[in-house]
Amino acid sequence: GEVGSPPAQERVLFPPTFSVSEIKNKQRRHFMFLRWKQQQRKEKLAAKKKRKKEREALGDKAPPKAVPKTIENQRVYDETTVDLNDEEVAFDEATDEFAPYFNRQTVPKILITTSDRPRGRTVRFCEQLSTVIPNSHVYYRRGLALKRIIPQCIARDFTDLIVINEDRKIPNGLVLSHLPEGPTAHFRMSSVRLRKEIKRKGKEPTEHVPEVILNNFTTRLGHSIGRMFASLFPHDPQFIGRQVATFHNQRDYIFFRFHRYIFKSEKKVGIQELGPRFTLKLRSLQKGTFDSKFGEYEWIHKRREMDTSRRKFHL
């Protein structure tokens with residue numbers, strides 16, 4: 001061997017074609033895998049340091065940093081992406097079912113209900129959701145069909161109906177119906193975290209009207225869904241309450257978070273999550289109010305036909 005290097009049999013631990021998965025003993029295999037991972041991490045860090053040094057040595061002459069490729073920035077172009085200065089979009093917004101809300105002719109009043117005879121977790125989720133959405137009322141359903149509830153809602157000036165569905169005691173679906181004329185969106189719901197399951201959460205939310213943030217609803221469909229969420233909340237947020245409800249769309253998953261921000265000094269702001277949090281995935285958008293049999297659908301998520309590329313998104 002070369003000077004100062006260990007003898008050959010010690011240096012070559014694994015033959016070059018060796019893979020950790022060939023080790024039969026589970027504990028040994030796990031141990032070797034962790035060691036291999038550690039090695040990988042070290043090499044990566046070393047390479048990163050080296051690159052940093054090279055950049056510093058080059059100073060101003062260093063080439064611009066490469067922008068990493070992500071699924072988001074490699075997104076397949078969608079011809080329905082909304083240009084806010086488009087006349088057609090302006091006309092749609094002036095005449096769609098949410099126009100009365102945006103023109104301040106209606107005040108949001110929301111009924112939150114459940115699937116038939118809800119269990120504890122769903123009940124708690126509905127109660128917490130009603131503290132996020134001002135002017136919302138929770139009604140626990142016992143054997144009353146949604147079709148029967150909707151006319152009663154309209155008669156009592158409710159502007160929206162939210163239905164939380166559950167499967168095996170776990171909330172797993174959300175139906176949002178804008179009254180009186182629709183549309184109705186069906187979402188799959190996942191990753192529900194109630195208040196007590198959130199680490200480092202803030203004190204209970206106050207009665208103040210929160211700000212609403214809608215991120216990345218860029219296509220015509222996304223725009224409609226964004227308007228739908230916006231119209232659940234009263235117009236003028238009470239900034240004194242420092243509460244903010246966020247609907248963040250990323251790769252067609254809508255992440256909901258509810259925070260309070262805290263001014264630590266004139267420049268520093270901290271945020272506390274208040275909860276609940278959940279994730280929605282749009283399944284369908286239906287014209288009109290909830291009608292599972294004869295509803296006319298504007299959009300239905302058909303996985304096999306639509307999800308041809310991992311970089312194709314609809315919202």
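Residues numbered from 1 in each chain as written. Predicted model: local features only at pLDDT ≥ 70, side-chain atom pairs only at ≥ 80, totals over all residues. Heavy atoms only, no water.

What counts is decided by this rule: UniProt positions are given in the numbering used here, feature names are shortened, and annotations may be inferred rather than shown by experiment.
With an unreviewed UniProt entry as reference, the protein chain is termed Ribosome production factor 1, source organism Upupa epops. What the UniProt record of the protein chain gives under Subcellular location (unreviewed entry) is the line "Nucleus, Nucleolus". Per UniProt, the comment on the protein chain under Function (unreviewed entry) is "May be required for ribosome biogenesis."

### Details of the overall build of the protein chain
As a reminder, the rule being used: Helix and strand assignments come from DSSP, with helices taken as H or I runs of at least 4 residues and strands as E runs of at least 2, each series counted from the N terminus. Computation of the radius of gyration draws on C-alpha atoms, with the globule rule given as 2.2 Å multiplied by the number of residues to the power 0.38. Think of it in three bands: with a 1.4 Å probe and only protein chains considered, a residue is buried below 20% of the maximum accessible area for its type, exposed above 50%, and partly exposed in between.
Scanning the protein chain for helices and strands turns up 8 helices and 11 strands. In terms of C-alpha radius of gyration, the protein chain reaches 26 Å, well past the compact-globule figure of 20 Å for 315 residues. Taking the principal axes of its C-alpha atoms as reference, the protein chain extends roughly 90 × 55 × 50 Å. Taking all 315 residues of the protein chain together, 37% fall into the buried category.

### Here's the deal with the packing of aromatic side chains
Note the cut-off: The criterion for an aromatic pair is that two Phe, Tyr or Trp rings (for Trp, the six-membered ring) have centres within 6.5 Å, with stacked assigned to planes under 30 degrees apart, edge-to-face to planes over 60 apart and tilted to the rest.
For the coordinates displayed, the defined rule picks out 10 aromatic pairs. Ring centres of Phe217 and Phe229 lie 6.3 Å apart, and the angle between their planes is 65 degrees; this geometry places the pair in the edge-to-face category. With Phe217 in the loop between strand 6 (211–215) and helix 7 (220–230) and Phe229 in helix 7, the pair connects residues that are 12 residues apart, well separated along the chain. On the accessibility criterion, Phe229 (2% relative accessible area) is buried. Between Phe233 and Phe247 the ring centres are 6.4 Å apart and the planes differ by 70 degrees, which places this aromatic pair in the edge-to-face class. Here Phe247 lies in strand 7 (residues 243–250) and Phe233 lies in the loop between helix 7 and strand 7, a separation of 14 residues in the sequence.

### Some details on the environment of Gly202
The condition that has to hold: Whether two residues are in contact is decided by their heavy atoms: any pair within 4.5 Å suffices.
If you trace the backbone, Gly202 turns up in the loop between strand 5 (184–193) and strand 6. With 85 residues separating them in the primary sequence, Gly202 and Arg117 have C-alpha atoms 31 Å apart. Not counting the four nearest positions on each side in its chain, Gly202 is found in contact with Arg260, Gln272, Glu273 and Leu274.

### Thoughts on the UniProt feature "domain: Brix" (unreviewed entry) in the protein chain
Listed under "domain: Brix" (unreviewed entry) in the UniProt record, and renumbered for this structure, are residues 108–291. A helix fraction of 18% and a strand fraction of 41% characterise residues 108–291, whose end C-alpha atoms lie 22 Å from each other.

### Observations concerning the pattern of salt bridges
To keep it simple, the criterion reads: Just to be clear on terms, a salt bridge is a Lys or Arg side-chain nitrogen sitting within 4 Å of an Asp or Glu carboxyl oxygen.
The final tally for this structure, using the stated rule, is 12 salt bridges. The closest approach of N and O atoms between Lys312 and Asp78, which form a salt bridge, is 3.4 Å. One end of the pair, Lys312, is in the segment after helix 8 (303–306); the other, Asp78, is in the loop between helix 2 (26–58) and helix 3 (87–95), and 234 residues separate them in sequence. Exposure remark for Lys312: the relative accessible area of 23% places this residue in the partly exposed category. In this structure, Arg195 engages Glu204 in a salt bridge whose closest nitrogen and oxygen atoms are separated by 3.7 Å.

### Some points on the nonpolar core
We apply this condition: Buried Ala, Val, Leu, Ile, Met, Phe, Trp, Tyr and Cys residues that are joined via side-chain atoms within 4.5 Å together make up what is termed a nonpolar core.
Core analysis: the biggest nonpolar cluster contains 36 residues, and Ile162, Phe187, Ile225, Phe229 and Ile254 have the highest contact counts within it. Membership of the second largest hydrophobic core comes to 12 residues, among which are Leu111, Phe158, Leu161 and Val175.

### Focus: helix 6 (residues 146–155)
Our working definition: Regarding the arc, it is the one traced by the directions from the helix axis to the C-beta atoms.
Among the residues of helix 6, those classed as buried are Leu146, Ile149, Ile150 and Cys153. With its buried residues spanning 105 degrees around the axis, helix 6 presents them on a single face. The exposed set on the far side of helix 6, more than 90 degrees from its buried face, consists of Arg148 and Ala155. In this structure, the buried residues of helix 6 make contact with strand 1 (110–114), strand 2 (136–139) and strand 3 (160–167). Just past helix 6, the residue Asp157 takes up positive phi, approximately 65 degrees.

### A word on unusual backbone geometry
Trans is the prevailing form of peptide bonds, just as negative phi is the prevailing case for residues other than glycine. Backbone torsion omega between Leu179 and Pro180 reads 0 degrees, so that peptide bond is classified as cis. Mapped onto the elements, Pro180 comes out in the loop between strand 4 (170–178) and strand 5. The phi angle at Asn135 is positive, at roughly 55 degrees, despite the residue not being glycine. When you line up the elements, Asn135 lands in the loop between helix 5 (120–132) and strand 2.

### Details of the environment of Asp236
Let me state the cut-off plainly: Whenever two N or O atoms come within 3.5 Å, that pair is a polar contact, provided that in protein one can donate a hydrogen and the other can accept it, and provided that, for residues adjacent in sequence, both atoms are side-chain atoms.
By the secondary structure assignment, Asp236 is in the loop between helix 7 and strand 7. For Asp236, a relative accessible area of 48% gives the class partly exposed. On a C-alpha basis, the gap between Asp236 and Ala99 in space is 16 Å, while along the polypeptide they are 137 residues apart. With near-sequence residues (within four places) excluded, Asp236 lies in contact with Arg104 and Val209. Side-chain polar atoms of Asp236 contact the side chain of Arg104, separated by 3.1 Å.

### Re a nonpolar patch on the surface
The line we're drawing: Like charges are joined within 9 Å and nonpolar side chains (Val, Leu, Ile, Met, Phe, Trp, Tyr) within 5 Å, but only among residues with over 30% relative accessible area and no salt bridge; these make up the patches. Note on areas: Shrake-Rupley with a 1.4 Å probe; residue coverage comes only from the protein chains shown.
Where nonpolar side chains cluster on the molecular surface, the patch consists of Phe33, Leu34 and Trp36 and spans about 290 Å² of accessible area. By the element assignment, Trp36 lies in helix 2. The class for Trp36 is partly exposed, based on a relative accessible area of 40%.

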